[in-house]
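Residues per chain are reported as follows:
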Amino acid sequence: MRSLKTLPAQDVRLGMFIHGFEGSWWQHPFWRVRFLLTDPQDLQKLRAFNGGVIVDLDKSQPVGEADRVPDSLAKPDSGAQPEGAPSRRLRVPMWRAGSTALKSQEARAAKLVTGALDTVRGTFDDLRLGRAVSQEKVAALVDSISAELDDNAPALLRVLQLKSKHQYTYLHSVAVCTLMVNLARHLALDEEQVRTLGLAGLLHDVGKVAIPDAVLDKPGRLTPEELELVRTHPQEGVALLREDPTIPELALEVCLHHHERWDGNGYPDRQAAAGISLPARMGAICDVYDALTSHRAYKQAWLPARALGEMWRWEGHFDRPLLFAFMQSIQLFPPGLLVRLASDRLALVLENGKRASRTRLLVFYSYAEQASLEPSVLVLDGAEAEDGIIDFEHEADAPVPIPALDLYAPAPVPTSAEP
Ligand SMILES: [Fe+2]
Ligand SMILES: [Fe+2]
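Values in this document were obtained by computation on a predicted structure and should not be read as measured data.

Here we take up the coordination of the iron ion (ligand 1). Tetrahedral coordination by four donors sets the ideal angle at the metal to 109.5 degrees; octahedral coordination by six donors sets it to 90 or 180 degrees. On the protein side, the iron ion (ligand 1) has D205 (OD), H233 (NE2), H258 (NE2) and H259 (NE2) as donor atoms, found 2.1 to 2.3 Å from it. Considering all four donor atoms around the iron ion (ligand 1), angles at the metal cover 85 to 174° and the coordination shape is irregular. Each donor residue of the iron ion (ligand 1) lies on the same chain, and together they follow the pattern D-x27-H-x24-H-H. A separation of 3.5 Å is found between the iron ion (ligand 1) and the iron ion (ligand 2), both of which receive a donor from D205.

Attention now goes to the pairing of strand β8 (residues 371-380). Looking at chain direction, strand β7 (residues 359-366) and β8 are connected through seven bridges and run antiparallel. Bridge pairing in β8 links T359 to L380. The antiparallel hairpin formed by β7 and β8 contains four residues in its connecting segment, where Q370 sits at a positive phi of about 50°.

The next point concerns helix α1 (residues 40-47). Residues D42, L43 and L46 constitute the buried set of α1. For α1, the arc enclosing every buried residue in end-on projection is 105°, short of the 170-degree limit, so these residues lie on one face. Structural note: α1 exposes Q41 and Q44 on the side pointing more than 90 degrees away from its buried face. Elements in contact with the buried residues of α1: β2 (17-21), β3 (35-36) and β4 (52-56).

Further remarks concern the coordination of the iron ion (ligand 2). Within the protein, H172 (NE2), H204 (NE2), D205 (OD) and D287 (OD) serve as the donor atoms for the iron ion (ligand 2), at 2.0 to 2.3 Å. Angles of 78 to 174° at the metal separate the four donor atoms of the iron ion (ligand 2), which places the site in the irregular class. Linear spacing of the donor residues for the iron ion (ligand 2) on their chain is H-x31-H-D-x81-D. A relative accessible area of 1% places D287 in the buried class.

Further remarks concern the pattern of salt bridges. Taken as a whole, this structure holds 15 salt bridges when the rule is applied. We note a salt bridge from D387 to R345, for which the minimum N-O separation is 3.1 Å. Taken together, the residues span a long stretch of sequence, with D387 in the loop between β8 and β9 (389-392) and R345 in strand β6 (residues 345-350) at a distance of 42 residues. Each of R108, E148 and D151 takes part in a single network of salt bridges with overlapping partners.

What counts and what doesn't
Residues numbered from 1 in each chain as written. Chains lettered and ligands numbered in written order. Predicted model: local features only at pLDDT ≥ 70, side-chain atom pairs only at ≥ 80, totals over all residues. Heavy atoms only, no water. Donors = N, O, S within 2.8 Å, 3.2 Å for Na, K, Ca; no water. Tetrahedral: all angles 85-135°; square planar, octahedral: opposite > 155°, others 65-115°. Pairing = 2+ DSSP bridges. Helix = DSSP H or I, 4+ residues; strand = E, 2+ residues; numbered from the N terminus. Buried < 20%, exposed > 50% of the residue type's maximum accessible area, 1.4 Å probe, protein only. Arc of directions from axis to C-beta. Contact = heavy atoms within 4.5 Å. Salt bridge = Lys/Arg side-chain N within 4 Å of Asp/Glu carboxyl O.

Below you can see the structure in the form of structure tokens.
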């Protein structure tokens, strides 16, 4: 049996196994709750925490008089990070062709997602019924999503795309949580922000519990009255979230403003451009991307690259540099996108067929030489690729004519409320 002891933060020493923190999960200083404390910087951070720390004595290392890192821990043989350290390594490519290994990875991701579904359903019920949200369960879910992103991102995102009709809102919540965590890490936000943004993704659509399923899942076009009703879900959600004072303000902000648009044509407050908070702009992108790549009663799922291509074409809908950062975070770029490379060249993203994890580019201009190049195909192959996409280029700013590509015809912008 575990021997857990609560200590003031000042009494915690290196070598102790941190089991948890007293008080709100989203206020404590670490991303992961459970870890062996081996890093003096973590110790410093922890001592600034104003609250009780729960230590698992059985899992702790013997503690010396001084806060010395045991030699065996200072240089782990495996080179692995201590369990508590957030991983900042580059995300793996998100979409790979099917393989046997992938099947077991998908089974693992599916197990996580099944558990997540129960937690989200329970959390929505808690909020609907005015009960306090189980912080421990929500914390464990966001933590396990984060860990799965480190090890198994392609399978996790693939599984999250497969939503049955009845699970849609819950799985969409898990998917938006996952995409928010992934984007927040890509933007190098601090651990507390990453965690809170994950939570915000999980709760952004909680107001839909107040909307009848018959309206949410209606196969045809919504009437103006139904549309009006669906568009109350941000305010309905905030009203529910306010009932639990431990839920951070940022989650309420994302809930209220994830349907605002860059050009001011969103709802409910018609905020525009930088007047929309960064978390809400992030929420808008993750939300629409997941909605477009999911099957719904009224539409087929779009392939991820196509969804990104359409989102890029919707003038005025999103914060474009942030949308580009989102593409980088999932390492997927839509055909036709104009990009600058680390090698100071200009290129056009091409279709990549079945090798979906590889980005294929047509390189056609050198900024360094200020000259057109004989167009040539370049395939970016993961993290070790010699070249890489560092920015997008506006078509109007292209120094030479852009080679014509035979792309699919753009689809009309959806007019229903979701997205
Ligand atoms: Fe929504
Ligand atoms: Fe949503």
